[in-house]
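In case you want the letters, here they are:
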Amino acid sequence: MNVLFLVADDLNSWMLEDADRYAGKVVAPNLRKLASSGVNFTRAYTAAPVCSPSRTAFFSGVAPWKTGIYNNAQIINESEAVNQDAVLSLAGLFKKSGYGTYGYGKITHGWDQKEHWDDKVGHKRDPAPPDAPLAGLSGGEQDWGLIHLTEEQMNDTGGANKAIAVLEKKHDKPFFLAYGSFNPHMPWYVPQKYLDMYPLDQIVLPELKEDDLEDLPPLAKAVSDGIGSFADKVIQSGRHKEAVQAYLATTTYVDTQMGRVLDALENSSYKDNTIVVFLTDHGFHLGEKHHWQKTTLWEEGTHTLLMFRAPGVTQAGGVSRRFVSLMDIYPTLAELCGLTPPATVDGRSLVPLLKAPKTPWESTAITGLCDKTTTDLAYISIRHELGRYIRYGADEEEFYDTTKDPHEWTNQIDNPEYAATIEQLRAIVPRFKDAVPPLPSSLTKKRRESRKEKKKR
Ligand SMILES: [Ca+2]
């Protein structure tokens, strides 16, 4: 079996109809086709709601609360909490097992694993249009509008071309091929064709609750960008629909590139012996809870897409509503290909759900986050069929009854009606005395500097 590993950056779960989160239209025919050709996991969650730690977790299989890697400044190679000799990237596992390994675009972020790939070309951002900022609200990354490049000139198109070239080659050994799009990460600079698919007067905005932050404990409030932040500026400027339009247009551009790679597989001789997995690294806020982008432990920040197609294992039309983690991908691919994952891997193989998506499953997905300045305790979210429980540091908490409140608008932490459920979820939080605290970012920086010094010497 070969593996085609596809990942999108900052793509939220709006396209999942059964998630009850977004009522508008998302044009993604290629991803929908992939989802319906195998098993669509509609309750999949990231281990960390930000690029680098999420990718480190799903590509190492090791949980943030074991490595101490919770933000983009922390790198697994520098974690003393894990046995560095035992950490093996997913690509490394396949390479060690005799596979050819190829990676194009954004797969991991900051984690050096050169020896694990036969060929790897990282992602590059497209240059900003000469007249940027286009949206005129803040500039820099928080911008959107018409791109000055043709679709063929865009970097995610180039990454897809490289992946397609691997699928068009004849291989004398099995391959692990990864393609990761940078989009729909901000800024959203996109060809007109995609903007035209979403007429402004038909854009549906996400549902917002103005006073949503009022029932939050202080640390939770600090996780949100907050009242008056960029999210509020977008809304107050009357450009919310334009922003949503640009996000959706960029999403459809990504769907198109993923579709080109999937079509190349379909037209190749590897069609019937290649496992396909598609995922997004975490979710994305577009104004909900006065927040823009990611780095939160609510549904917007943690919910992801996850789709598997495994010839001979999955059947078309499978939908699994079991709560699963992106860390489960590592042991799942290992089992499907008959490989033994390292003992450090925390995820759990989803093969039983790939065979029978409605199989009873102990349904819990855990996500970890730390504040940029936090060096003692991480924030942990537990997503369970009973609801969402979050613990910030030692004693601030939230609980949402997601069965009745899919937007997580009403914090029920003090509601005695839920006391027993909350107690049950508290017991699932990785015990703080066992959990590894966030690796201090400043220490990371210092180490990097001393390494540079050493190299110079
Ligand atoms: Ca609220």
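Cut-offs applied
Residues numbered from 1 in each chain as written. Predicted model: local features only at pLDDT ≥ 70, side-chain atom pairs only at ≥ 80, totals over all residues. Heavy atoms only, no water. UniProt positions renumbered as here; feature names shortened; annotations may be inferred. Salt bridge = Lys/Arg side-chain N within 4 Å of Asp/Glu carboxyl O. Helix = DSSP H or I, 4+ residues; strand = E, 2+ residues; numbered from the N terminus. Buried < 20%, exposed > 50% of the residue type's maximum accessible area, 1.4 Å probe, protein only. Contact = heavy atoms within 4.5 Å. Pairing = 2+ DSSP bridges. Axes fitted to C-alpha atoms, helices over the stretch in contact; angles between N-to-C directions.

You'll find the protein chain entered in an unreviewed UniProt entry as Iduronate-2-sulfatase, with Rhodopirellula baltica SWK14 given as the organism. Check the Sequence similarities (unreviewed entry) section of the UniProt entry for the protein chain; it says "Belongs to the sulfatase family." Within the UniProt record for the protein chain, the comment given under Cofactor (unreviewed entry) is "Ca(2+)".

(A) Region of interest: the pattern of salt bridges. Within this structure, the stated rule accounts for 19 salt bridges. A salt bridge links D346 to K66, with the shortest nitrogen-to-oxygen separation between them at 2.5 Å. Separated by 280 residues along the polypeptide, D346 in the loop between α11 (329-336) and α12 (351-355) and K66 in helix α3 (residues 64-67) bring together distant segments of the chain. On the basis of relative accessibility, which here comes to 39%, the residue K66 falls in the partly exposed class. Within the structure, one salt-bridge network assembled from shared partners comprises D9, R55, K106 and D281.

(B) Just helix α2 (residues 51-60), in detail. Taken across its 10 residues, α2 has 10 buried, putting it largely inside the fold. Among all positions of α2, only C51, S52, P53, S54, R55, T56, A57, F58, F59 and S60 are buried. Considering only its buried residues, α2 is in contact with β1 (2-8), α3, α4 (90-96), β6 (175-181), β8 (274-280) and α11. Phi turns positive one or two residues past the end of α2, at G61, with a value near 75°.

(C) Representation of the sheet that holds strand β17 (residues 396-400). With antiparallel pairing, four strands are arranged side by side in an open sheet as β14-β15-β16-β17. If you trace the sheet from one side to the other, it starts and ends with β14 (364-369) and β17, each paired once. When strand polarity is set aside, the average angle formed by the axes of neighbouring strands in this sheet is 10°. With five bridges joining them, strand β16 (residues 387-392) and β17 adopt antiparallel strand pairing. Looking at β17, one finds that I390 is bridged to E398.

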